[in-house]
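Overview (structure and organization)
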Amino acid sequence: ASLGHVAGSGGAAAAMLLARSRSAEEARWLAARTLVKSQQAMAKGDDLEQALQCRSFLQLVAREPQQRAAAVPSLLFQLRVTALCDLCRWEEAVSDCRHALIVDPGDEGIQFTMHVSAGILKFQDLKFEASIGCFTKAIRLQPVNVQARLHRAIALACAAWARGMEGSTQETARVVQLLTDSVQDLEAVEQQAMITGVMAPLGAAHLRAACLCSLGRLHDAWEALCESGRRCAGRRSSLEGPDLSAPRQRALEAEVLVLLERHSEAIEACSAVLALNSRGHADARVMRAWCLSEIGDVDAAFEDVAAALALAPERADLQEVEGDLCLQYGRLADAFNAFGKALKLREPRTARLAFKRALAQLKVGHLTGAELELGKALRACPTGMVPLARAKDAVGILSLMFKSDWRHAHVRLNMLLQSCPAPMQDGLPVIFLPHELMVYRGACSLYLGDATAIQDFTVALELAGHFFEAEGDSSKETTFGEGRIGLAYFECECTFNLALCQLRSKSYAGALANLEKLCERMEEMEICATAMGLVWFLCGICHLALDSATEQFAKEAFSRSYSYDTAYVDDFLLRNGSQMSQEEDRPEKPRPLGGPPGREEEGKEDLPTVVCCLQLSSDKDSQDAENTQSRSARRFLSALAPIRIKVRDVVIWGRPSISWPSIPPVRWKPRTSLARLDFLQQRDPLSMTPGNPPSGENPEDNNF
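Treat the numbers as computed from the prediction; the structure is a model and nothing was measured. (Residues numbered from 1 in each chain as written. Predicted model: local features only at pLDDT ≥ 70, side-chain atom pairs only at ≥ 80, totals over all residues. Heavy atoms only, no water.)

**Re the overall build of the chain**
Quick note on the threshold: In DSSP terms, a helix is any run of H or I states spanning at least four residues, a strand is any run of E spanning at least two, and both are numbered starting from the N terminus. Throughout this description, buried means an accessible area under 20% of the type-specific maximum (1.4 Å probe, protein chains only), exposed means over 50%, and partly exposed covers the range between. Residue contacts are defined here by distance: any two heavy atoms, one from each residue, within 4.5 Å place the two residues in contact. Using a 1.4 Å probe, accessible areas were evaluated by the Shrake-Rupley method; residue-level cover was limited to the displayed protein chains.
Along the backbone of the chain there are 34 helices and two strands. Burial status across the chain gives 52% buried among its 704 residues. Within the chain, contacts between residues at least 6 apart in sequence are counted, and of these 63% link residues at least 24 apart. For the chain, the accessible area works out to roughly 33,300 Å², and carbon and sulfur atoms hold 53% of it.

This is the structure we're talking about:
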């Protein structure tokens with residue numbers, strides 16, 4: 001009886017491994033029929049010598065003579081392989097498959113099982129590329145086998161995920177190819193299911209949606225989710241317990257809605273995930289936080305990020321998310337600290353985090369700290385040397401300008417402008433754009449008394465216009481503050497600098513033309529009164545310098561300036577009212593180029609109490625990122641030495657209008673995905689033999 005039981009089990013295993021059946025019942029029936037036929041043939045035959053040479057019943061029922069002659073027949077190994085696969089002992093299964101193939105090298109069923117078992121072993125060791133090769137060999141043996149294709153689809157998705165985590169642009173093409181191959185395998189599974197009339201596993205549809213989402217084919221992913229959602233809804237009434245696929249479905253819907261920027265729907269989906277899922281709460285809160293920040297509910301976004309950090313404080317990606325959110329909304333000290341915590345938790349990826357810390361330092365005007373962090377980023381990421389080195393050099397140039405070392409700053413700017421700005425990795429913003437560097441070089445030339453300053457400011461205007469037209473709408477918004485308004489501010493500053501250069505070079509007609517154009521532009525933009533008063537004051541100075549016939553225009557310009565802001569006219573009259581008749585005979589005393597006038601060198605009447613410098617930013621002291629950057633710009637301008645400009649018989653003091661470098665906020669999105677984590681962290685092995693699912697489990701819920 002015992003021998004018969006073993007023989008029956010072995011026959012069933014052999015039949016299944018040879019893929020001659022579709023179900024366990026059919027396999028057992030085929031095995032029984034095979035054994036009965038072998039027994040009848042042996043009973044009717046007269047080859048008793050052959051029977052006497054067999055040491056076991058397994059040898060008696062073997063199909064081929066070489067199997068009967070083997071010390072351990074192939075059928076025994078087939079029995080063991082079946083049992084080992086059911087026990088998930090893949091290494092032993094591979095070993096027994098090899099022993100079986102020594103006896104019967106042509107057994108395709110054993111070859112198929114060996115390749116799949118080897119693939120699972122490689123997969124468990126995180127050797128995804130090697131596992132793909134094993135599953136591919138299995139598919140070549142049985143092209144219509146659904147299980148092998150599902151195995152390979154998961155391995156392809158995992159390989160793409162592993163390469164994507166490296167973050168290098170060189171891996172992008174390979175990641176896309178792996179995900180595309182995974183989608184093709186999953187589509188083949190669905191087609192095979194339609195041919196055979198069997199419903200494909202619901203998990204296959206979910207994995208396909210996740211891969212499409214990763215490929216950026218968001219609308220295709222949403223269509224796949226809508227179809228799987230209908231399947232989920234249609235079978236819930238037949239389930240006694242909770243629907244195990246609902247959390248996965250809602251998690252995928254949340255991710256796709258987030259990427260489609262359907263924020264309100266995504267918030268609802270994330271809330272549903274939090275209510276349904278027993279895990280993934282931190283990721284769901286991060287996704288919901290991003291949606292809340294996009295619709296303007298910043299406080300709720302910070303609350304969700306704080307809750308996610310409370311759930312998983314050891315995750316570096318969540319610390320980085322907090323830093324990105326703080327950086328976007330001007331909480332720069334908090335951003336700096338959050339990126340520091342992420343650095344401690346994720347050492348291999350310090351380059352990106354150190355760069356973000358440099359952005360926070362640069363926004364508040366801490367040039368030394370920014371240069372230090374950029375140095376750390378350079379040491380951590382040699383492959384991103386060019387853009388990081390360029391940013392570090394530019395920060396060093398700003399430091400030289402703070403120290404009024406115009407000549408060295410000019411030389412380094414010449415070298416920097418000869419190199420093209422290279423794109424940053426990981427979607428990080430490029431800082432110190434060419435038109436900004438051109439303005440800095442123009443300012444250095446102005447302080448050095450070089451006439452090329454006019455050319456630099458003119459080229460900066462052209463570069464800014466070309467850059468604005470070439471960039472997309474989102475880049476325009478971040479690079480120029482408020483898009484076209486930010487560009488207009490930059491153009492106003494460059495025009496003012498041109499007029500200042502022309503005043504110093506005694507080209508009064510050109511200066512007046514630029515100032516009048518600036519007045520018209522600023523009136524359209526509704527610029528603050530102080531800036532309007534400054535420009536009208538300089539218009540009056542130009543009229544005085546041109547001809548006595550324009551004295552009436554000068555008075556009108558001074559009157560309009562006085563109506564906006566009294567400071568410029570009052571200071572001018574205080575310093576020049578009683579001295580105008582004597583100023584012509586007083587020689588201009590030399591002073592060090594680019595330095596402030598010394599009290600011992602200039603009379604007290606020449607000391608500037610009001611300096612002509614155009615500042616278009618609001619003086620309102622608030623906590624948002626834009627005003628923080630404005631305060632840095634004002635601090636920069638106040639550190640620059642005033643320039644003494646003699647216009648006929650009067651003296652004015654001015655500074656070039658230089659904006660702080662534009663630092664676009666990091667456009668952050670959730671870096672982790674509930675959809676991908678759900679598939680790529682599966683620990684349950686995939687079934688290698690057909691059969692019924694465990695009791696109480698829906699066949700469509702089986703994770704492949």
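**Considerations on the environment of histidine 281**
Put simply, the rule reads: Two N or O atoms count as a polar contact when they lie within 3.5 Å, although within protein this holds only if one can serve as hydrogen donor and the other as acceptor, and sequence-adjacent residues are included solely when both atoms are side-chain atoms.
Looking at the secondary structure, you find histidine 281 in helix α16 (residues 281–294). In this structure histidine 281 touches Val273, Leu274 and Leu311, once residues within four positions along its chain are discounted. Here leucine 274 takes part through its backbone oxygen, which lies 3.3 Å from a polar atom of the side chain of histidine 281.

**Quick look at the packing of helix α11 (residues 172–196) against helix α12 (residues 202–214)**
Threshold: Lines are fitted to the C-alpha atoms to define the axes, a helix being fitted only along its stretch in contact, and any angle between axes, read from their N-to-C directions, falls within 0 to 180 degrees. In what follows, roughly perpendicular refers to angles from 65 to 115 degrees, roughly parallel to angles under 35, roughly antiparallel to angles over 145, and oblique to any angle outside these ranges. Should the near helix be turned anticlockwise from the far one by less than a right angle, the crossing is left-handed, and should it be turned clockwise, the crossing is right-handed. Gly is put with the polar residues, along with every residue not named as nonpolar or charged; the nonpolar set is Ala, Val, Leu, Ile, Met, Phe, Trp, Tyr, Cys and Pro, and the charged set is Asp, Glu, Lys and Arg.
For the pair α11 and α12, the least separation of the axes is 9 Å and the interaxial angle reads 150°. By the angle class used here, α11 and α12 are roughly antiparallel. Seen along the crossing, α11 lies across α12 with a hand that is left-handed. In this structure, α11 contributes Leu179, Ser182, Val183, Leu186, Glu187 and Glu190 to the contact, and α12 contributes Ala204, Ala205, Leu207, Arg208, Cys211, Leu212 and Ser214. Looking at the contact of α11 with α12 residue by residue, the classes come out as eight nonpolar, two polar and three charged.

**Some words on the pairing of strand β1 (residues 643–647)**
Put simply, the rule is: By the convention used here, strands pair only if DSSP detects at least 2 bridges between them.
β1 sits mainly inside the fold: four of its five residues count as buried. Strand direction decides the pairing type here: β1 and strand β2 (residues 650–654), joined by five bridges, are antiparallel. Residue pairing for β2: lysine 646 is matched across the bridge by valine 651. In sequence, β1 turns back onto β2 through a hairpin of two residues, with arginine 648 there showing a positive phi of about 55°.

**Some remarks on the confidence of the model for the chain**
Condition: The score called pLDDT rates the predictor's confidence residue by residue, from a low of 0 to a high of 100.
For the chain, mean pLDDT is 75; residues scoring 70 or higher make up 68% of the total. Low pLDDT, under 50, characterises residues 48–55; the stretch is placed with four contacts to residues that sit more than four places away or in other chains. Confidence over residues 578–605 falls short of pLDDT 50; this stretch has 41 contacts with residues more than four positions distant or in other chains.

**As for the nonpolar core**
Where we set the bar: Throughout, nonpolar core names a set of buried Ala, Val, Leu, Ile, Met, Phe, Trp, Tyr and Cys residues whose side chains join them through atoms within 4.5 Å.
Met401, Met522 and Phe537 are the most contacted members of the largest nonpolar core, which has 129 residues in total. Contacts of methionine 522, omitting those with residues within four sequence positions, involve Cys492, Ile527, Ala531, Met532, Val535, Leu614 and Leu616. Among the nonpolar cores identified, the runner-up in size contains 53 residues, and Leu101, Ile110, Leu150 and Ala204 belong to it.

**Describing the state of the cysteines**
Spelled out, the test is: The criterion for a disulfide is a pair of cysteine sulfur atoms lying within 2.5 Å.
Applying the stated criterion across every chain, the model contains zero disulfides. There is no disulfide at cysteine 291, and the cysteine sulfur nearest it, in cysteine 270, is 5.5 Å away. Here cysteine 519 stays unpaired: no disulfide links it, and the sulfur of cysteine 539, its closest cysteine neighbor, is 4.1 Å away. On the basis of relative accessibility, which here comes to 3%, the residue cysteine 519 falls in the buried class.

**Quick look at the packing of aromatic side chains**
Geometrically, a pair of aromatic rings is defined through the distance of the ring centres and the angle of the planes. Quick reminder of the rule: For Phe, Tyr and Trp, rings pair up if their centres lie within 6.5 Å, where Trp contributes its six-membered ring, and each pair is then called stacked (planes under 30 degrees apart), edge-to-face (over 60) or tilted (otherwise).
Under the definition given, this model contains eight aromatic pairs. Consider the rings of phenylalanine 537 and phenylalanine 558, whose centres lie 5.7 Å apart with planes at 45°: the pair is tilted. With a gap of 21 residues between them, phenylalanine 537 in helix α29 (residues 529–546) and phenylalanine 558 in helix α30 (residues 551–564) connect regions that are remote in the sequence. No difference in accessibility class separates phenylalanine 537 from phenylalanine 558, as the two residues are buried. Geometrically, the ring pair formed by phenylalanine 537 and phenylalanine 572 is edge-to-face, given 5.7 Å between the ring centres and 70° between the ring planes. Taken together, the residues span a long stretch of sequence, with phenylalanine 537 in helix α29 and phenylalanine 572 in helix α31 (residues 567–576) at a distance of 35 residues. For the pair formed by phenylalanine 537 and phenylalanine 572, the shared burial category is buried. One aromatic cluster is present, formed by Phe537, Phe558, Tyr568 and Phe572 through successive ring pairs.

**Side note on the pairing of β2**
For β2, a buried count of five out of five residues is recorded, marking the element as mostly surrounded by other parts of the structure. Side chains Val650, Ile652 and Gly654 of β2 all project onto a buried face; the interleaved residues Val651 and Trp653 project onto the opposite face, where all are buried too.

**Topic: the pattern of salt bridges**
Convention followed: Any carboxyl oxygen of Asp or Glu within 4 Å of a side-chain nitrogen of Lys or Arg constitutes a salt bridge here.
Scanning the model with the defined rule gives 22 salt bridges in all. A salt bridge links glutamate 227 to arginine 230, with the nearest nitrogen and oxygen atoms 2.8 Å apart. Taken together, the positions of glutamate 227 and arginine 230, both in helix α13 (residues 218–235) and three residues apart, correspond to about one turn of that helix. You can call glutamate 227 partly exposed: its relative accessible area is 41%. Arginine 230 gets classed as exposed once you look at its relative accessible area, which sits at 53%. Aspartate 456 is the salt-bridge partner of arginine 441, the closest N and O atoms lying 2.9 Å from each other. Of this pair, arginine 441 sits in helix α24 (residues 434–448) while aspartate 456 sits in helix α25 (residues 452–470), and the two are 15 residues apart along the sequence. On the basis of relative accessible area, aspartate 456 is assigned to the buried category, the value being 4%. Among the charged side chains, a salt-bridge network with shared partners connects Glu320, Asp324, Arg352 and Lys356.

**Looking at the packing of α29 against α31**
Following both chains from N to C, one finds α29 and α31 inclined at 40°, their axes separated by 8 Å at the closest point. Considering their axes alone, α29 and α31 lie oblique with respect to each other. Across from Thr530, Gly533, Leu534, Phe537, Ile541 and Leu544 in α29, the residues of α31 making contact are Tyr568, Val569 and Phe572. Class assignment for the residues of the contact of α29 with α31 results in seven nonpolar, two polar and no charged.

**As for helix α27 (residues 484–504)**
The condition is simple: Here a helix's expected span is defined as the number of its residues, less one, multiplied by 1.5 Å.
For α27, spanning 21 residues, the distance from its first C-alpha to its last is 30 Å, which sits close to the expected 30 Å at 1.5 Å a residue. By the criterion of burial, α27 is predominantly enclosed, with 17 of the 21 residues buried. Looking one or two residues beyond α27, the residue adopting positive phi is lysine 506, at roughly 65°.

**Quick notes on helix α28 (residues 508–525)**
Note the threshold: Here the arc refers to the directions that run from the helix axis out to each C-beta atom.
In a regular helix each residue adds 1.5 Å, so 18 residues correspond to 26 Å; α28 covers 25 Å between its end C-alpha atoms and thus fits that length. When α28 is considered as a whole, its buried residues turn out to be Tyr508, Ala511, Leu512, Asn514, Leu515, Leu518, Cys519, Met522 and Met525. In an axial view of α28, the angular spread of the buried residues amounts to 165°, which keeps them on one side of the axis. Opposite the buried face of α28, by more than 90 degrees, sit the exposed residues Ala509, Glu520 and Glu524. Lining the buried residues of α28 we find α27, α29 and β1. A positive backbone phi angle near 55° is found at glutamate 526, which sits one or two residues after α28.

**A short note on unusual backbone geometry**
The backbone phi angle of phenylalanine 432 is positive, close to 60°, even though this residue is not glycine. Considering the arrangement of structural elements, one finds phenylalanine 432 in the loop between α23 (406–417) and α24. A positive phi angle is found at arginine 648, which is not glycine, with a value near 55°. With respect to the element layout, arginine 648 can be found in the loop between β1 and β2.

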